[in-house]
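Remarks on the overall topology
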Amino acid sequence: MSRWQQAVDTLTDYGHLIRLHRPIGTWLLLWPALWALWIAADGRPSEHIFVVFVLGTFLTRSAGCAINDWADRNVDPAVKRTQDRPLAAGRIAPFEALIVYAILALLAFGLVLTLDRLTVLYAVGGAVLMATYPFMKRFFPLPQLWLGFAFGWAVPMAWIAQTGHVPRIGWLTFIGSVLWIVVYDTQYAMVDRDDDLRLGVRSSAITFGEADRLIIAVLQGLTLVALLLIGRDQHLGTWFGASVAVGAMIFLYQQWLIRDRGREGCFAAFLNNQWFGLVIFLGIALDYFFRVR
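Residues numbered from 1 in each chain as written. Predicted model: local features only at pLDDT ≥ 70, side-chain atom pairs only at ≥ 80, totals over all residues. Heavy atoms only, no water.

1. Examining the overall build of the protein
Selection criterion: Each helix corresponds to a stretch of at least 4 residues labelled H or I by DSSP, and each strand to a stretch of at least 2 residues labelled E; elements are numbered beginning at the N terminus. For the exposure calls, accessible area comes from a 1.4 Å probe over protein chains only, and a residue counts as buried if that area is under 20% of its type's maximum, exposed if over 50%, partly exposed in between. For this analysis, residues touch if any pair of their heavy atoms sits within 4.5 Å. Residue exposure ignores everything except the shown protein chains as possible cover, and the areas themselves are Shrake-Rupley values with a 1.4 Å probe. In summary, the charge assignment counts Lys and Arg as positive and Asp and Glu as negative, without counting His or the chain termini. Where a charge lies is defined by one atom per residue type, namely NZ (Lys), CZ (Arg), CG (Asp) and CD (Glu).
Each helix and strand counted, the protein has 13 helices and zero strands in total. Along its sequence from the N terminus, the protein presents helices and strands in the succession α-α-α-α-α-α-α-α-α-α-α-α-α. Counting every position in the protein, which comprises 293 residues, the buried fraction comes to 52%. Long-range pairs, those at least 24 residues apart, make up 74% of the contacts in the protein with a sequence separation of at least 6. Within the structure as shown, the protein displays about 13,700 Å² of accessible surface, and the carbon and sulfur contribution to it stands at 67%. Distance between charge centroids for the protein: 2 Å, based on 24 positive and 21 negative side chains.

2. Structural notes on the pattern of salt bridges
Worth spelling out the cut-off: Any Lys or Arg side-chain nitrogen located within 4 Å of an Asp or Glu carboxyl oxygen qualifies as a salt bridge.
All told, the structure shown has twelve salt bridges when counted by the stated rule. For Arg19, the salt bridge identified is with Asp69, shortest N-O distance 2.8 Å. You can see Arg19 sitting in the loop between helix H1 (3–17) and helix H2 (24–40) and its partner Asp69 sitting in helix H3 (residues 47–71), a full 50 residues away along the chain. Of the residues examined, Arg19 reaches a relative accessible area of 8% and is grouped as buried. When the shortest N-O distance is used, the salt bridge between Asp72 and Lys137 registers 3.1 Å. A residue pair is termed long-range when its members are at least 10 positions apart, and Asp72 in the loop between H3 and helix H4 (94–112) and Lys137 in the loop between helix H5 (117–136) and helix H6 (143–152) qualify at 65 residues. Side by side, Asp72 and Lys137 carry an identical accessibility label, which is buried. Through salt bridges with shared partners, one network takes in Arg19, Asp69, Asp76 and Arg85.

3. Describing the nonpolar core
Soluble, globular proteins show a tendency: their nonpolar side chains are buried together. To keep things clear, this is the line we draw: Each nonpolar core is a collection of buried residues, namely Ala, Val, Leu, Ile, Met, Phe, Trp, Tyr and Cys, held together in the definition by side-chain atoms within 4.5 Å.
Ranked by internal contacts, the top residues of the largest apolar core, which has 83 residues, are Trp35, Phe53 and Phe276. No other element matches the 13 residues that H2 contributes to this core.

4. Section: empty space enclosed by the protein
For clarity, the cut-off: Put plainly, a pocket is an open set of points on a 1 Å grid over the protein atoms alone with protein on both sides within 12 Å along at least five of seven lines, a cavity is a set where a 1.4 Å probe fits but cannot get out, and a lining residue has an atom within 4 Å of a point. Grid points are joined across faces, edges and corners, and a volume is the space filled by probe spheres set on the points. All residues other than Ala, Val, Leu, Ile, Met, Phe, Trp, Tyr, Cys, Pro, Asp, Glu, Lys and Arg, Gly among them, are scored as polar; the first ten of these are nonpolar and the last four charged.
Counted under the stated rule, the structure contains one cavity of 30 Å³ or more. By volume, the largest cavity amounts to about 720 Å³. If you trace the largest cavity, you find 36 residues lining it, with Asn68, Arg85, Tyr133, Asp185 and Tyr188 closest to the centre. For the lining of the largest cavity, the secondary-structure elements that each account for two or more residues are H2, H3, H5, H6, helix H8 (168–191) and helix H13 (263–292). Classifying every residue of the lining of the largest cavity gives 17 nonpolar, six polar and 13 charged.

5. Quick notes on unusual backbone geometry
Not every positive phi belongs to a glycine, and Arg19 is a case in point at roughly 60 degrees. The residue His235 is not glycine, and still its phi comes out positive at about 60 degrees. Tracing the sequence through the fold places His235 in the loop between helix H11 (212–233) and helix H12 (238–257). Under the relative-accessibility criterion, His235 is labelled exposed at 65%.

6. Observations concerning the side chain of Thr186
Residue placement: Thr186 occurs in helix H8. Every residue in contact with Thr186, bar those within four places of it in the chain, is listed here: Gln144, Ser204, Ala205, Phe208 and Ile216.

7. Regarding the packing of H5 against helix H7 (residues 154–163)
Definition in use: Fitted lines through C-alpha atoms give the axes, limited to the stretch in contact for helices. The angle between two N-to-C directions lies from 0 to 180 degrees. Orientation is classified from the angle alone, with under 35 degrees giving roughly parallel, over 145 giving roughly antiparallel, 65 to 115 giving roughly perpendicular, and any other angle giving oblique.
Contact geometry for H5 and H7: axes closest at 8 Å, N-to-C directions at 170 degrees. Of the possible angle classes, the one that applies to H5 and H7 is roughly antiparallel. Together, Leu118, Thr119, Tyr122 and Ala123 of H5 and Pro156, Met157, Ile160 and Ala161 of H7 make up the contact between the two elements. Of the residues that constitute the contact of H5 with H7, the class distribution is seven nonpolar, one polar and no charged.

Have a look at this one:
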């Protein structure tokens, strides 16, 4: 194999480490941040803050994938879905994953440093949540809740960056985001439930047991209630109401997908959440667009 081909293969493995080929995680992390930015700014977010959050989301998610694979380097080889990941398959070394994580985390933090001091402090808290999440599954029965805090932390950060404080509606948006994140990450965990049980890894799918579909449905309902309360507080109109209605139909479709708890159906339900996030954002953005035009 030529040096050129080796270099290409190595870069491909690094790309797979940070999931460049699977952007779903970036979208799922980005949507709540954009919900918050648009609401906090009454539909007109700062261009600088918008760029920082979009680029920061990509870098943070990529860094999170690297540290996750490092933390799971002894688990992933035994899980069918993850055994071909570059670190699990031995194509890159553990220290390489740590270097990639450090570089991406520093780049993300460098972006945040262009914002105000309070946003930087909130970003430090978010970084701690993100870095510790991969280890929660070793002992915490609901690691998906921890991921909800980590992924949802962009919401209060958006309010701080845009307005300098987090009002009650900001925390309500955070709670709604956390509920939704627990929904889709539980669907994701259902894919690996058998492997996780065998390996002793904790997840909400295991903790919920046979009540998993019911609890997911309750969390989906609470997510919609939170969104409706946000809409009422912010006087969002028809566009937003329509987006919540479509979101409810998306949730019903996800319930159908996970009806028999099959791996493929649960994974499809997880992927389907990118459309939920997009639909809600479009409802918010269009409502403000036609209001301020």
